[in-house]
Number of protein chains: 2
Amino acid sequence: MHFSSVIHILGFLLMFLAIAMLLPIPFSLHYGDAVHFQLLFSAIITFVCGLIGFKSTRFERDLRPKEGFAVVTFGWVSFSIFGSLPFLISGTIPSFTNAFFETMSGFTTTGATILTDIESLPEGILFWRSLTHWIGGMGIIVLSLAILPFLGVGGMQLFKAEVPGPTADKLTPRITQTAKILWGVYVLISAAETALLMLGGMSLFEALCHTFGTMATGGFSTRNASIGSYNSAYVDYVVIFFMLLAGTNFALHYRFLRGNFKAYFRNREFLVFFSIIIAATILIGLDTFLLRYENAALALRKTLFQVVSILTTTGYGTADYEQWAFSSQFILFIMMFMGGCAGSTGGGMKIMRIFILVKFVFSEFTRLLHPHAVVPVRIGNSSVSREVATNVVGFFILFMLLFVIGVLAMSSMGLDMATSFGAVAASLGNIGPGLGKVGPTDHYAHIPLIGKWVLALLMLMGRLEVFTVIILFSPSYWRK
Amino acid sequence: MHFSSVIHILGFLLMFLAIAMLLPIPFSLHYGDAVHFQLLFSAIITFVCGLIGFKSTRFERDLRPKEGFAVVTFGWVSFSIFGSLPFLISGTIPSFTNAFFETMSGFTTTGATILTDIESLPEGILFWRSLTHWIGGMGIIVLSLAILPFLGVGGMQLFKAEVPGPTADKLTPRITQTAKILWGVYVLISAAETALLMLGGMSLFEALCHTFGTMATGGFSTRNASIGSYNSAYVDYVVIFFMLLAGTNFALHYRFLRGNFKAYFRNREFLVFFSIIIAATILIGLDTFLLRYENAALALRKTLFQVVSILTTTGYGTADYEQWAFSSQFILFIMMFMGGCAGSTGGGMKIMRIFILVKFVFSEFTRLLHPHAVVPVRIGNSSVSREVATNVVGFFILFMLLFVIGVLAMSSMGLDMATSFGAVAASLGNIGPGLGKVGPTDHYAHIPLIGKWVLALLMLMGRLEVFTVIILFSPSYWRK
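Note that the coordinates shown come from a computational prediction; the quantities given were computed from them, not determined experimentally.

J.: Break down the overall build of chain A for me, with residues and values.
T.: Check the secondary structure of chain A and you find 20 helices and two strands. Since a compact globule built from 480 residues should have a radius of gyration of about 23 Å, the 22 Å found for chain A is in line with a globular shape. Each of the three principal axes of chain A carries a C-alpha extent, and together these read 70 × 65 × 55 Å. The 480 residues of chain A split such that 64% are buried.

J.: Let's hear about a nonpolar patch on the surface: which residues, and what values?
T.: Residues and elements named next belong to chain A. Together, Ile19, Leu22, Phe37, Leu40, Ile44, Phe47, Val48, Leu51 and Ile52 give the surface a local cluster of nonpolar side chains, amounting to about 800 Å² of exposed area. Here the element with the most residues in the nonpolar patch is helix 3 (residues 36-55); it accounts for seven residues. If you trace the backbone, Leu40 turns up in helix 3. Looking at Leu40, the relative accessible area reads 33%, which means it is partly exposed.

J.: Summarise the packing of aromatic side chains; cite the residues concerned and give the values.
T.: Residues and elements named next belong to chain B. On inspection of all chains with the given rule, the structure shows 77 aromatic pairs over all chains. Ring geometry for Phe337 versus Phe399: centroids 6.3 Å apart, planes at 70 degrees, classification edge-to-face. Here Phe399 lies in helix 16 (residues 386-412) and Phe337 lies in helix 14 (residues 326-338), a separation of 62 residues in the sequence. Taken individually, Phe337 and Phe399 each receive the classification buried, so the pair is uniform in this respect.

J.: Lay out the relation of the copies chain B and chain A in plain terms, naming residues and giving numbers.
T.: What relates the two chain copies is a rotation about an axis together with a slide along it. Superposition record for chain B on chain A: RMSD 0.0 Å, screw rotation 180 degrees, translation along axis 0.0 Å. Here the symmetry operator amounts to a two-fold rotation axis. Closest approach to the rotation axis within chain B is made by the C-alpha atom of Val393 of chain B, at a distance of 3.7 Å. Same-surface contact between copies: 100% of interface residues of chain B are shared with the interface of chain A.

J.: Got a sec to walk through the pattern of salt bridges? Specific residues and values, please.
T.: Residue and element names in this part refer to chain A. Enumeration according to the criterion identifies 16 salt bridges over all chains in this entry. Taking the shortest distance from any N to any O, the salt bridge between Glu364 and Arg367 comes out at 3.0 Å. Of this pair, Glu364 and Arg367 both sit in helix 15 (residues 351-369), three residues apart, which is roughly one turn of the helix. An identical accessibility class is assigned to Glu364 and Arg367; each is buried. Counted as one network, the salt bridges with shared partners bring together Lys350, Arg353 and Glu465.

J.: Kindly report on the interface of chain B and chain A, identifying the contributing residues and their values.
T.: As a measure of interface size, the accessible area lost when the parts come together is often cited. Every contact between the two is made by 46 residues of chain B and, on the other side, 46 residues of chain A. Of all residues in chain B, Phe326, Leu368 and Met417 of chain B bury the most surface against chain A, accounting for 16% of the area lost on that side. The interface formed by chain B and chain A includes zero salt bridges. For the pair chain B and chain A, the number of links is four residue pairs in polar contact (both at pLDDT 80 or more). Secondary structure elements with two or more residues in the side of chain B that touches chain A: helix 4 (65-83), helix 14, helix 15 (351-369), helix 16, helix 17 (417-428), helix 19 (467-470) and helix 20 (475-478) of chain B. Ranked by the residues each element gives to the side of chain B that touches chain A, the list is headed by helix 16 of chain B, at 14 residues. In the side of chain B that touches chain A, the residues fall into 31 nonpolar, 10 polar and five charged.

J.: A description of the environment of Ser90 of chain A should follow, citing residues and the corresponding values.
T.: All names here are of chain A. Structurally, the position occupied by Ser90 is in helix 5 (residues 85-90). By relative accessible area, Ser90 is classed as buried at 18%. The spatial distance from the C-alpha of Ser90 to the C-alpha of Trp324 is 39 Å, given a sequence separation of 234 residues. If we ignore the near neighbours within four places in the chain, the residues touching Ser90 are Val35, Gln38, Leu85 and Ile125. Polar contacts involving the side chain of Ser90 include one to the main-chain carbonyl oxygen of Pro86, which spans 2.7 Å. Looking at Ser90, its side chain comes within polar contact range of the main-chain oxygen of Phe87, at 3.3 Å.

J.: Any details on the packing of helix 13 (residues 296-311) of chain B against helix 14 of chain B? Residues and values, ideally.
T.: Packed helices, taken two at a time, are described by their axes: the angle between them and the distance between them. Residue and element names in this part refer to chain B. Contact pair helix 13 / helix 14: the axes reach a minimum separation of 8 Å and the direction vectors enclose 35 degrees. From helix 13, Gln306, Val307, Ile310 and Leu311 reach across to helix 14, where they touch Leu332, Met335, Met336 and Met338. For the contact of helix 13 with helix 14, the class distribution of residues is seven nonpolar, one polar and no charged.

J.: Account for the environment of Tyr264 of chain A, with residues named and values stated.
T.: All names here are of chain A. Note on placement: Tyr264 falls in the loop between helix 11 (250-257) and helix 12 (268-291). Look past the residues within four positions of Tyr264 in its chain and what remains in contact with it is Thr248, Leu252, His253, Phe256 and Phe270. A distance of 2.6 Å separates polar atoms of two side chains, one belonging to Tyr264 and the other to His253.

J.: Before we move on, could you go through helix 16 (residues 386-412) of chain A and cite the residues and values that matter?
T.: The periodicity of an α-helix, 3.6 residues per turn, causes residues three or four places apart in sequence to face the same way. Residues and elements named next belong to chain A. The terminal C-alpha atoms of helix 16 lie 39 Å apart, and with 27 residues this matches the ideal 39 Å at 1.5 Å per residue to within 8%. Counted residue by residue, helix 16 has 19 buried out of 27 residues, so it is predominantly covered. One or two positions beyond helix 16, positive phi appears at Gly414, with a value near 95 degrees.

J.: Got a sec to walk through unusual backbone geometry? Specific residues and values, please.
T.: Trans peptide bonds make up most of the peptide bonds, and negative phi angles are found at most residues other than glycine. Positioned with a positive phi, Ala34 of chain A is a non-glycine residue whose angle comes to about 60 degrees. Structurally, Ala34 of chain A can be placed in the loop between helix 2 (24-31) and helix 3. At Glu465 of chain B, a residue that is not glycine, the phi angle is positive and equals roughly 60 degrees. Position of Glu465 of chain B relative to the elements: it lies in the loop between helix 18 (449-463) and helix 19. Classification of Glu465 of chain B as buried rests on a relative accessible area of 2%.

J.: So what about helix 17 of chain B? Which residues, and what values?
T.: Over its 12 residues, helix 17 of chain B extends 16 Å from the first C-alpha to the last, a length consistent with the 16 Å expected when each residue adds 1.5 Å. Among the 12 residues that make up helix 17 of chain B, 12 are buried, leaving the element largely enclosed by the rest of the structure. Restricting attention to buried positions, one finds in helix 17 of chain B the residues Met417, Ala418, Thr419, Ser420, Phe421, Gly422, Ala423, Val424, Ala425, Ala426, Ser427 and Leu428 of chain B. Buried residues in helix 17 of chain B make contact with helix 14 (326-338) and helix 17 (417-428) of chain A together with helix 14, helix 16 and helix 18 of chain B. The opening residue of helix 17 of chain B is Asp416 of chain B, an N-cap whose side-chain oxygen sits 3.1 Å from the backbone nitrogen of Ala418 of chain B.

J.: Can you lay out the packing of helix 17 of chain A against helix 17 of chain B for me, pointing to particular residues and giving the numbers?
T.: One way to put it is that helix 17 of chain A packs onto helix 17 of chain B with a least axis distance of 10 Å and a crossing angle of 80 degrees. With respect to each other, helix 17 of chain A and helix 17 of chain B are oriented roughly perpendicular. Together, Met417, Ala418 and Phe421 of chain A of helix 17 of chain A and Met417, Ala418 and Phe421 of chain B of helix 17 of chain B make up the contact between the two elements. Looking at the contact of helix 17 of chain A with helix 17 of chain B, its residues break down into six nonpolar, no polar and no charged.

J.: Describe the environment of Ser309 of chain B, listing the residues and the values that go with them.
T.: Residues and elements named next belong to chain B. Relative to the assigned elements, Ser309 resides in helix 13. Overall, the relative accessible area of 0% leaves Ser309 in the buried class. Excluding residues that lie within four positions of it along the chain, Ser309 makes contacts with Met243, Thr314, Gly315 and Tyr316.

J.: Describe the side chain of Ser105 of chain B, with residues and values.
T.: All names here are of chain B. Structurally, Ser105 can be placed in helix 6 (residues 96-107). For Ser105, a relative accessible area of 0% corresponds to the buried category. In this structure, Ser105 is in contact with Thr110, Gly111, Ala112, His133, Phe220 and Met459, ignoring residues within four places of it in sequence.

J.: Give me the confidence of the model for chain A: which residues, what numbers.
T.: Here chain A shows a mean pLDDT of 91. Residues at 70 or above account for 96%. Here the complex is predicted with pTM 0.94, and the ipTM for its interfaces comes to 0.93.

Rules and cut-offs
- Residues numbered from 1 in each chain as written.
- Chains lettered and ligands numbered in written order.
- Predicted model: local features only at pLDDT ≥ 70, side-chain atom pairs only at ≥ 80, totals over all residues.
- Heavy atoms only, no water.
- Helix = DSSP H or I, 4+ residues; strand = E, 2+ residues; numbered from the N terminus.
- Rg over C-alpha atoms; globule rule 2.2 N^0.38 Å.
- Buried < 20%, exposed > 50% of the residue type's maximum accessible area, 1.4 Å probe, protein only.
- Patch = residues over 30% accessible without salt bridge, like charges linked within 9 Å, V, L, I, M, F, W, Y side chains within 5 Å.
- Areas by Shrake-Rupley, 256 points an atom, 1.4 Å probe, with all protein chains shown as cover.
- Salt bridge = Lys/Arg side-chain N within 4 Å of Asp/Glu carboxyl O.
- Phe/Tyr/Trp six-rings, centres within 6.5 Å; stacked < 30°, edge-to-face > 60°.
- Least-squares fit on C-alpha atoms with pLDDT ≥ 70 in both.
- Contact = heavy atoms within 4.5 Å.
- Buried area = accessible area lost by both parts, 1.4 Å probe.
- Polar contact = N/O pair within 3.5 Å; in protein donor to acceptor, adjacent residues only side chain to side chain.
- Nonpolar A, V, L, I, M, F, W, Y, C, P; charged D, E, K, R; others polar.
- Axes fitted to C-alpha atoms, helices over the stretch in contact; angles between N-to-C directions.
- Expected span 1.5 Å × (residues − 1).
- Parallel < 35°, antiparallel > 145°, perpendicular 65-115°, else oblique.
- pLDDT = per-residue confidence, 0-100.

Encoded structure:
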């Protein structure tokens, strides 16, 4: 391990975070909420710490996978520690556990909150809270399309070929190039959503906060009743559309913007993603269309919104799905594990992996009937290498194992079945709202102290494709 | 497909079943319950149908895998159809759905019942009901140690080397030899349990019925309160001991009886099986020892009984575990998926597969750190072939997929979360009692009609290692 290089990069990233902390200040001053000094003070602390780390070390050599895992994991952890300063210093979230939970939930684009009355918070703080999502989303896009494919985590190497940018073998120049391109796309789509939401009557402040929450598939809102509080078909459909975009591989958006208008519907993963949304809306619709809402248009809007929100792992709400039939809730629950497309800001296991798992099972049947045949796992016209299939399967087993351990931990703290299942699935999949006492109309304030740390760890592991975090606990990682 | 050979074998097996139907008659006569004619009549119908099938066809050639899958699946289905005749003809279970459910539950050694008052049934019928377990168990031992390893289902080929009997390549002589040896072991252990239960005060009738339920890891009792109704520490510990034996690979019992006294504790799978029991008893004990029972001895007895009963997938009960903490219930729920050792009469995914899955994940971590290394999955001193590991993983994905589809189906019929999860896990894993409204003190009578068929199919698939059944639905199976 080259600690020097790792700390050097982390220091640099913290300085960037410090500058981001200044962005809420104009809103704070505009609304006169008296937290601008606290924000400035947080930014200064963060900047100074970052500067010390940056200056006291140097970038020794190009990164190896080992340093890559450390930068990513410790990057998210240090962002969550320093990012909680505005909450702590302003006194809006006085407990460190709660502030850390909220910030980790932000940077991992989860959207689970410990706040019981969001609307009572100063605007500057709410802006910062939503901004953590957007920053987290920026990190995820680069992580999933430029870093993990080269670290070989959970089959992400599938995307080596799909990534825009130079095809250099060295990690650093490639990350820089790819990041510039994809962040451009991210900023562009974000600007479009902000404009459309303002057209719908939101203020710049609200439009930006909800854009941050949408584009990062986060889910933090400025309202207690989430998007539902606007009670507007226009707002709902704008958010649905942009949640869909956020749950789609950003490499496809890049290709579309470059003029390849068929990019989406030529992509198998996107087609599966789209089909799941339609199928789930129909299945849940059998319940909601007939029984829950006064007219079909309202039922469609409510059903589609929750389906897209959960599948993309955003977690915005316009309806209390716990009032729906358990079968509908179970479909949402299963979608929490699926998540968005790989290369999107969405969490969960990713559609591509689910697709490969199903294909894997089919190839097993062929193998049973033809024991001596070589049966590849095929996606469209190309076949998935054994290595990738093995990585994907390993990821699935580990994800399920973590879910079981998580539920065991949460239930041992006295949580009931629905709450344990919901909280763990929603944290591991980076959704936000779960089931039971952490459902769409609830919050995480009442979770026991240790439980909050467990869930925060699950958010981190889920967000960083699990292996990236757990490998740091492996003794052979630390061996020379 | 050589239908002729398949029907020939099925006819032969039905004649065997018909003879088995005569066994309850002495008990029926002894207790004067007036169902002996009905049993005789059922036996005659079954025998005649079997004879027609047997005589109208001939055994054309040695079986290929294709015919193997058909014999196994249709064997269990036809046994469940003809085996329900005594219930139907005696009028004790007048509905065909219920009678089929009960019989399938018997032959698959599940033990889920639709009966609301077991003690009101005639002894002859109760004896037949328990006997279906024992016959099912005989089938499973041969299936898992002599048939599936050669069909390559779900990694069972691991056991090719472990099986006693000749090492001939042809399937038929091997099955015959292996069956004789293993059934000898099965009968011997069964006789021992019957004797020990009679020493504890049970009548021959009760001792035999409970032996059938134990040795097959079935769970049908002659009492409404299951083993709990005896309220005897002696009976509990005898049943615990024999459930443990039934959940252990029968090839190990064979080796032990041949003088290899270290056979058990040299077997990795058995060690893991044993460790899980100890760990689960301690974890659940944290709840039951402190809060639920008046003294430690009683708490140990109750906890150990339910742990062994669920892990071996027997399903006998001496306590209502739904009164325990949800964390304890969740541990039992997870054990429903694990099941007994491969080569035992236990259901579930089997300990060996769980072990390989965990090892598989570890090998993925090694691979991440050393991308160019060849990393085998190791069990003890030998390494598992890629093919076996792939088969096991495919089995796991399919099992999880079936669980999800099962819960989706059951919840769409209006069942709640705990009941859906419990019923599907208990059917697929061949346990019997689940959670919620199908908990240890409940029954399956109230499940909707279609739901009973879904659960019966899940029992069949779970029992026959899933692939064996589903492959019959594959179009390429039926292609010439």
